[in-house]
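Okay, here's what each chain looks like letter by letter:
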There are 4 protein chains.
Amino acid sequence: MRSLNSDASSNLKTARQKLGLHPKAPIVEHDDLAERQSLLWSKVRLVLREPFAEFWGVFIMVMFGNGSVAQVLLSAGQETAPGKMGFGAYSQISWGWALGVMLGIYVAGDSGAYLNPAITFSSCLYRKVPWRRFPMYFVAQVLGGFVASGVVYANYINAINRVEGDGIRTVPPSSTATAPIFCTYPQDFMTRTSMFFSEFIASTLLMFVIFALKDNTNNGVGKGDKWFPLALFFLIYGLGACFGWETGYAINLARDFGPRLMSYILGYGTEVWSAGGYYFWVPMVAPFLGCAFGGFLYDVFVYTGESPINTPWLGMKRIIMPREAIKARREHHRRHKEEGMV
Amino acid sequence: MRSLNSDASSNLKTARQKLGLHPKAPIVEHDDLAERQSLLWSKVRLVLREPFAEFWGVFIMVMFGNGSVAQVLLSAGQETAPGKMGFGAYSQISWGWALGVMLGIYVAGDSGAYLNPAITFSSCLYRKVPWRRFPMYFVAQVLGGFVASGVVYANYINAINRVEGDGIRTVPPSSTATAPIFCTYPQDFMTRTSMFFSEFIASTLLMFVIFALKDNTNNGVGKGDKWFPLALFFLIYGLGACFGWETGYAINLARDFGPRLMSYILGYGTEVWSAGGYYFWVPMVAPFLGCAFGGFLYDVFVYTGESPINTPWLGMKRIIMPREAIKARREHHRRHKEEGMV
Amino acid sequence: MRSLNSDASSNLKTARQKLGLHPKAPIVEHDDLAERQSLLWSKVRLVLREPFAEFWGVFIMVMFGNGSVAQVLLSAGQETAPGKMGFGAYSQISWGWALGVMLGIYVAGDSGAYLNPAITFSSCLYRKVPWRRFPMYFVAQVLGGFVASGVVYANYINAINRVEGDGIRTVPPSSTATAPIFCTYPQDFMTRTSMFFSEFIASTLLMFVIFALKDNTNNGVGKGDKWFPLALFFLIYGLGACFGWETGYAINLARDFGPRLMSYILGYGTEVWSAGGYYFWVPMVAPFLGCAFGGFLYDVFVYTGESPINTPWLGMKRIIMPREAIKARREHHRRHKEEGMV
Amino acid sequence: MRSLNSDASSNLKTARQKLGLHPKAPIVEHDDLAERQSLLWSKVRLVLREPFAEFWGVFIMVMFGNGSVAQVLLSAGQETAPGKMGFGAYSQISWGWALGVMLGIYVAGDSGAYLNPAITFSSCLYRKVPWRRFPMYFVAQVLGGFVASGVVYANYINAINRVEGDGIRTVPPSSTATAPIFCTYPQDFMTRTSMFFSEFIASTLLMFVIFALKDNTNNGVGKGDKWFPLALFFLIYGLGACFGWETGYAINLARDFGPRLMSYILGYGTEVWSAGGYYFWVPMVAPFLGCAFGGFLYDVFVYTGESPINTPWLGMKRIIMPREAIKARREHHRRHKEEGMV
């Protein structure tokens, strides 16, 4: 049963490497059976293991996130609701996104559960995740958000028709706008700078706290992987309750651009791009800069593990002094061989 | 004290097997005393251990679930409440069902805590729970919902009389309808297809996330039985807050049909069946299909453990090729003997 | 330093036994220093260890519980609140009592953290807690509720004056009644039977779930002391959100009678006793019967550990057949000597 | 790589001791690399490790705390919100501060995560934290609150302008006052004594429960560091929901004075000091007295570990009898040498 088909195995490794993934899939040893590898789909699944995990993690996150906005927005003020005040207020949106992230992390355990290109980005920058992983993760994350928002639309199509009118689909500041179900639109009193700042600072908090939660050198208070999903619930809830008003706390390209594209395709018009003074690029760019800054702050002020910040000239030495760079690269490769990790 | 009465013991095993249960009750070794087995009731309890567990698990779940709807619906707008706005809004129903499931799982630890025929169904389909367990679990689960809803009715009978008038019991779209306390009725703007889709997709999410939470091969993020009840709190809360409006997120025959039957018996009239265009069958059928689909998605895209999906032709080979089926069955039996498990 | 003053030590034991407590205080071994026992107060504290724990546990519970009612009730509708709708709605009272119980359990770790005479009662009945412990626990619990409600009154005296008028203190159905801050008053549409039933069924749920959470023989789902306080949060929250309207879910003599007595002393008049048709005795009696019934159900249907229910004739044999009783008593004593436990 | 530069190392120790910190930074052994110590910033970070931790812990706490007040207060009643009732009610402020404290504790793991000068104070008083640590912790904590409130202001500046008018900044009782975003102002019906009492009693509860949660001699209920941040969530939530109305539950100089100073600098005028009858000093003084009293109660009635309360004359003997003091001091030093701790 375990007569390893080493050709098949090495094919898999090659395929995974081409996609930028670690040659060995993150899979429990005794499940990695040669027998199953002879099944075509099992091969595909092994090759695409982390992208699948990120896809489904983001899918779950956006299902609950977009779903909560849909329910609160579309049922607002409904008198036949138990309690007579609709099926949820704004706070339920904080719940939706927060538990969506928590459950998404449980689902995406095999890929690191970034669920956010900006977090992958910062992890590449500061935590030695290889840059070549970024593209596949990015694609999987955006696709997860794109598909999930389509399913949410399909689920709420009757209710959207009821609020907007059959076939009418509008974007804020329309008073019946349902586009905010899918992606974020800023409050109308915001200046461009403030929009950017709001997304930036929320992303900074996101990354700073995640790095603290993942930091095994931060002792004194018990942490650990088991607590991570629950702590993220509180973190995302907090961002929604404390910094969610002005720009909708996208803080994630996959959660904003994916559903925005879907809403465009579904007929919300070019206003999905032009609304708020072509706001759409802010939640694409600000999270990367905010997360990078949050990671920077954490590594500068708290982190004592290995980080480019904790090297001479904040890691810039390599760029300026080629010899240092070569030395670092050599050390890098040596370690990989030892640990069987790339 | 431990002179095992082996006749009694084998009678118990026979009785349990006839009910489709594992011959050995899931009971801590040193509690399985022969002495107690001589007590009639202890025998009954050993024989019916898992059905009792499922009954009480669903009972607790429905007590809190139906109880929360009753309190919110019946007290809506009451000015003498502290806070002057009744005793809870819709979000408290999300709380009620979510914590009801969580506490039900704690109660039903000995049976696997499915609390939902559709989840038992998917576990038979994908996780090797023997099909012959299904009927007894089904009966216990439905009875649990049936009895609990009767107790909730008894508890709230004064308040129901106050809202509806003495002896009057109505079903939506009546403006004083109290039938939604017990089982789900769809929103009036929903098409039949959308009703079905809403229950289907919520059940898909339910099963997909539960399989992720129960998946020991899904590494990277700490999970474990200890976290399962709390994670289910968030999952059920999310389904209520994000997909609970349109059709009331029944996603469980035991939680919907059991109380519906009770409400029929209690005098809500045949409208409990005919309301919403004979909607009652949707929350009976859709959860099975939705959970099956959710399990399918998880096993296709993420799961690497043993699953019919992870075999040639998605497990269909057995059906088509008798020799494969016989081989599989033999392997199946051999393992049972080794593990003492059926 | 450890020259044990055995006279002092045996005095302590005698004192504790007279109070119905275990001769040995539940205290970490190396803290039980003879040196400190020479301090008068340390002696007192050792003697009264469990009563102190219960007192403070109930104190914390009632501080948060009564405090939450006070804040929600007194600030209702205040327009200058952030959010313009007062400082909390009914759901915040569910939060207050639930987290009060949770934190009270953390505080009262040394006494078993019953915090409720009805739970002590059921534990004596079904879980071998000696009956002679009951009186001291009872006194400590009631005192805890009594004192805490006085502190809450002192804290909110300005606000009570503002709502009721200086020196005016009223009880429902007065429209400015502030007495419900301290103890429970039933809704006016309730019949006496329903009032009793409501408290009874809530107490039944309370005890049933607590026995499940404390049941180490209930396998399959991870439990454990560490999860107990959090699970109790959800349990108490659920009782408030699902069964808290009709009679205010006292389910606890210490939480209801203690503060009721305090409110009587503080000048709310004899109406605190006569309101609701002399309702005050219901939350004193119903919890005992409800908890006893909840424990009965759990032991009959689920529990397989040692319980009088799991003996011939549900433990009645002892009463009817003296020889059985003597045998049981002898076994009881033998075990105590072995385990050094009473 | 590990050729320890012992000069550098001893310089660090000296620098830390001058600041009142333990000579050895709380840092995972193998991260304490001599190589990195040659980097100037790494040196600074080692020297200021605990102050940095406290700074960022308070920063995170106040970001979420002030942020939640800002969002609820500024968006109150906004009809374009999903749900049509603004972006959160008062309960969301309980969430904000509670999760802010929880996440702050995760961040500040290396310093003990006091996040509150009054808690540092009580820990010095009762738990042997050296008094010379107090000043540096104090400065770091206040700075954290000061800086965070400035960032919150920057984030919400457009929204503040919208509510108050451009450049107008007011303090209660102004009907458009936005100063309560930053620090606390008492309700207008409160007497001075009641204001003080409200802050005092909330601080007492805070310290009493924290000492219970940190008490390893409090057995019976599982505790542990891993549960501490979550338990603090519930504790702070409870203080907000049950004792947050009258004076805004500052219970922390760093959280109140820091942001108050910032709001003064930002142009809210001298009314930030004079409002409520120069209320500002109450949340500076009351928390120290309240926390000291809470710690006193816990140590008198529950704690059996080492505490000045658990010594003759409540620890006063040292003051009165010099010989006792000398003996105690000698014992103190001996232990330090053994444990390498000061």
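What you are looking at is a predicted structure, and each value in this text was computed from that prediction instead of being measured.

Scoring rules and cut-offs
Residues numbered from 1 in each chain as written. Chains lettered and ligands numbered in written order. Predicted model: local features only at pLDDT ≥ 70, side-chain atom pairs only at ≥ 80, totals over all residues. Heavy atoms only, no water. Helix = DSSP H or I, 4+ residues; strand = E, 2+ residues; numbered from the N terminus. Buried < 20%, exposed > 50% of the residue type's maximum accessible area, 1.4 Å probe, protein only. Contact = heavy atoms within 4.5 Å. Areas by Shrake-Rupley, 256 points an atom, 1.4 Å probe, with all protein chains shown as cover. Buried area = accessible area lost by both parts, 1.4 Å probe. Polar contact = N/O pair within 3.5 Å; in protein donor to acceptor, adjacent residues only side chain to side chain. Nonpolar A, V, L, I, M, F, W, Y, C, P; charged D, E, K, R; others polar. Least-squares fit on C-alpha atoms with pLDDT ≥ 70 in both. Salt bridge = Lys/Arg side-chain N within 4 Å of Asp/Glu carboxyl O. UniProt positions renumbered as here; feature names shortened; annotations may be inferred. Expected span 1.5 Å × (residues − 1). 1 Å grid on protein atoms, 1.4 Å probe; cavity = no way out; pocket = protein on both sides within 12 Å on 5 of 7 lines; lining within 4 Å. Points joined across faces, edges and corners; volume = space filled by probe spheres on them. Axes fitted to C-alpha atoms, helices over the stretch in contact; angles between N-to-C directions. Parallel < 35°, antiparallel > 145°, perpendicular 65-115°, else oblique. Left-handed = near helix turned anticlockwise from the far one by under 90°. Core = buried A, V, L, I, M, F, W, Y, C linked by side-chain atoms within 4.5 Å. Patch = residues over 30% accessible without salt bridge, like charges linked within 9 Å, V, L, I, M, F, W, Y side chains within 5 Å. Phe/Tyr/Trp six-rings, centres within 6.5 Å; stacked < 30°, edge-to-face > 60°. Lys NZ or Arg CZ within 6 Å of the ring centre and 35° of its normal.

1. Observations concerning the overall build of chain A
A tally of regular secondary structure across chain A gives 14 helices and zero strands. For chain A, the α and β elements follow one another from N to C terminus as α-α-α-α-α-α-α-α-α-α-α-α-α-α. Within chain A, the fraction of its 342 residues that count as buried is 63%. Long-range contacts, defined as pairs at least 24 residues apart, comprise 73% of the intrachain contacts of chain A with a sequence gap of at least 6. Carbon and sulfur atoms make up 63% of the accessible area of chain A, which amounts to about 12600 Å² in all.

2. Quick word on the interface of chain C and chain B
In this assembly, 59 residues from chain C lie in contact with 55 residues from chain B. Summing both sides of the interface, chain C and chain B together bury roughly 5100 Å²; the carbon and sulfur share of this comes to 67%. Our enumeration of links across chain C and chain B arrives at 17 residue pairs in polar contact (both at pLDDT 80 or more). Sorting the residues of the side of chain C that touches chain B by element identifies helix 4 (49–74), helix 5 (91–107), helix 8 (192–214), helix 9 (228–243) and helix 12 (282–301) of chain C as the ones contributing at least two each. With 12 residues, the top contributor of residues to the side of chain C that touches chain B is helix 9 of chain C. A breakdown of the residues in the side of chain C that touches chain B according to their chemical character gives 35 nonpolar, 20 polar and four charged.

3. Observations regarding the environment of Phe-55 of chain A
With respect to the helices and strands, the residue Phe-55 of chain A is situated in helix 4 (residues 49–74). Here the alpha-carbon distance between Phe-55 of chain A and Leu-143 of chain A, two residues 88 residues apart in the chain, equals 6.5 Å.

4. Things to note about the relation of the copies chain A and chain B
Expressed as a screw operation, the relation of chain A to chain B combines 0.0 Å of axial shift with a rotation of 90 degrees, fitting to an RMSD of 0.0 Å. In short, the pair behaves as if placed about a four-fold rotation axis.

5. Comments concerning the relation of the copies chain C and chain B
Mapping chain C onto chain B is achieved by rotating through 90 degrees and translating by 0.0 Å along the same axis, at an RMSD of 0.0 Å. Little of the interface of chain C is mirrored in chain B: 8% of its interface residues are interface residues there too.

6. Notes on the interface of chain A and chain B
Tallying the contact residues gives 55 residues for chain A and 59 residues for chain B. For the pair chain A and chain B, the summed buried surface comes to about 5100 Å²; carbon and sulfur atoms form 67% of the total. Per-residue buried area on chain A facing chain B is highest for Trp-56, Tyr-106 and Asn-155 of chain A; these three make up 14% of the total on that side. Applying the counting criterion to the chain A and chain B interface returns zero salt bridges. At the boundary of chain A with chain B, the tally comes to 16 residue pairs in polar contact (both at pLDDT 80 or more). Listing elements by their share of the side of chain A that touches chain B, those giving two or more residues are helix 3 (40–47), helix 4, helix 5 (90–107), helix 7 (134–164) and helix 9 (228–243) of chain A.

7. Structural notes on the UniProt feature "transmembrane region" (unreviewed entry) in chain A
Residue and element names in this part refer to chain A. Residues annotated in UniProt with the feature "transmembrane region" (unreviewed entry) correspond here to residues 55–74, 94–115, 136–156, 195–215, 227–251 and 278–298. Overall, residues 227–251 shows 64% helix and 0% strand. The separation of its end C-alpha atoms is 22 Å. Helix makes up 86% of residues 278–298 and strand 0%. Its end C-alpha atoms lie 32 Å apart.

8. Notes on helix 8 (residues 192–213) of chain B
Side chains that are three or four residues apart share a direction in an α-helix, a result of its 3.6 residues per turn. Here helix 8 of chain B contains 22 residues, and its C-alpha end-to-end distance of 32 Å stays within 8% of the 32 Å for a straight helix at 1.5 Å per residue. With 18 of 22 residues buried, helix 8 of chain B lies mostly within the body of the structure.

9. Quick word on helix 9 of chain A
For helix 9 of chain A, spanning 16 residues, the distance from its first C-alpha to its last is 21 Å, which sits close to the expected 22 Å at 1.5 Å a residue. Taken across its 16 residues, helix 9 of chain A has 16 buried, putting it largely inside the fold.

10. Let's talk about empty space enclosed by the protein
All told, the structure shown has nine cavities of 30 Å³ or more when counted by the stated rule. Here the largest cavity defines a volume of roughly 140 Å³. Taken together, 16 residues line the largest cavity, and the ones lying closest to its centre are Phe-234 of chain A, Phe-234 of chain B, Phe-233 and Phe-234 of chain C together with Phe-234 of chain D. Going through the elements one at a time, helix 9 of chain A, helix 9 (228–243) of chain B, helix 9 of chain C together with helix 9 (228–243) of chain D are the ones with two or more residues in the lining of the largest cavity. Tallied by class, the residues present in the lining of the largest cavity amount to 16 nonpolar, no polar and no charged.

11. Describing the side chain of Ser-203 of chain B
Residue and element names in this part refer to chain B. Mapping Ser-203 onto the fold places it in helix 8. In this structure the side chain of Ser-203 is engaged in a polar contact, spanning 2.7 Å, whose partner is the backbone oxygen of Glu-199. In this structure, Ser-203 is in contact with Ile-251, Ala-286, Pro-287, Gly-290 and Cys-291, ignoring residues within four places of it in sequence.

12. Focus: the packing of helix 5 (residues 91–107) of chain D against helix 9 of chain D
Residues and elements named next belong to chain D. In contact at an axis separation of 8 Å, helix 5 and helix 9 are set at 150 degrees when each is read in the N-to-C sense. As far as their axial angle goes, helix 9 and helix 5 are roughly antiparallel. Where helix 5 crosses over helix 9, the handedness of that crossing is right-handed. Listed contacts from helix 9 to Ser-91, Ser-94, Trp-95, Trp-97, Ala-98, Leu-99, Val-101, Met-102, Ile-105 and Tyr-106 of helix 5 are Phe-228, Pro-229, Leu-230, Leu-232, Phe-233, Ile-236, Tyr-237, Gly-240 and Ala-241. Of the residues belonging to the contact of helix 5 with helix 9, the class tally is 16 nonpolar, three polar and no charged.

13. A closer look at the nonpolar core
Judged by nonpolar contacts, the single largest core of 424 residues is most densely connected at Leu-239 of chain A, Leu-239 of chain B, Leu-239 of chain C together with Leu-239 of chain D. Not counting residues up to four positions away in its chain, the partners in contact with Leu-239 of chain A are Ala-202, Leu-205, Leu-206, Gly-244, Tyr-249 and Ile-251 of chain A together with Phe-64 of chain D.

14. Topic: the pattern of salt bridges
Under the criterion given, the structure shown has 22 salt bridges over all chains. Across the pair Arg-16 of chain D and Glu-50 of chain D runs a salt bridge whose closest N-O atoms are separated by 2.7 Å. A residue pair is termed long-range when its members are at least 10 positions apart, and Arg-16 of chain D in helix 1 (residues 6–18) and Glu-50 of chain D in helix 4 (residues 49–74) qualify at 34 residues. For the pair formed by Arg-16 of chain D and Glu-50 of chain D, the shared burial category is buried. One continuous salt-bridge network, built from bridges that share partners, spans Arg-255, Asp-256 and Arg-260 of chain B.

15. Focus on the side chain of Asp-299 of chain A
Position of Asp-299 of chain A among the secondary structure elements: in helix 12 (residues 282–301). Residue contacts for Asp-299 of chain A: discarding those within four places in its chain leaves Tyr-126, Arg-127, Phe-211, Ser-307, Ile-309 and Asn-310 of chain A together with Arg-45 of chain D.

16. Concerning the packing of helix 4 of chain C against helix 8 (residues 192–213) of chain D
Where helix 4 of chain C contacts helix 8 of chain D, the axes come no closer than 12 Å and their chain directions differ by 135 degrees. It follows from the interaxial angle that helix 4 of chain C and helix 8 of chain D lie oblique. Note on packing geometry: the crossing formed by helix 4 of chain C with helix 8 of chain D is left-handed. Here Trp-56, Phe-59, Ile-60, Met-63 and Phe-64 of chain C of helix 4 of chain C come into contact with helix 8 of chain D, specifically with Ile-201, Leu-205, Phe-208 and Val-209 of chain D. Among the residues forming the contact of helix 4 of chain C with helix 8 of chain D, the class breakdown is nine nonpolar, no polar and no charged.

17. Here's the deal with a nonpolar patch on the surface
On the surface, Met-85 of chain A, Met-85 of chain B, Met-85 of chain C together with Met-85 of chain D cluster together to form a nonpolar patch covering roughly 320 Å² of accessible area. With respect to the secondary-structure elements, Met-85 of chain D resides in the loop between helix 4 and helix 5. Since its relative accessible area comes to 36%, Met-85 of chain D is described here as partly exposed.

18. Brief notes about the packing of aromatic side chains
What characterises a pair of aromatic rings is the spacing of the ring centres plus the angle enclosed by the ring planes. In the structure shown here, the tally under the stated rule is 168 aromatic pairs over all chains. Ring geometry for Phe-233 of chain C and Phe-234 of chain D: centres 4.6 Å apart, planes at 55 degrees, overall tilted. Of the two residues, Phe-233 of chain C is situated in helix 9 and Phe-234 of chain D in helix 9; the pairing between them involves two chains. Grouping residues by exposure puts Phe-233 of chain C and Phe-234 of chain D together as buried. For the pair Trp-95 of chain D and Tyr-237 of chain D, a centre-to-centre distance of 6.0 Å together with 90 degrees between the ring planes defines the contact as edge-to-face. Taken together, the residues span a long stretch of sequence, with Trp-95 of chain D in helix 5 and Tyr-237 of chain D in helix 9 at a distance of 142 residues. The same class applies to Trp-95 of chain D and to Tyr-237 of chain D, which are both buried. In this structure, Arg-127 of chain A packs its charged tip against the face of Phe-211 of chain A, placed 4.0 Å from the ring centre. Over the ring of Tyr-185 of chain B we find Arg-260 of chain B; its NZ or CZ atom is 5.2 Å from the centre of that ring.

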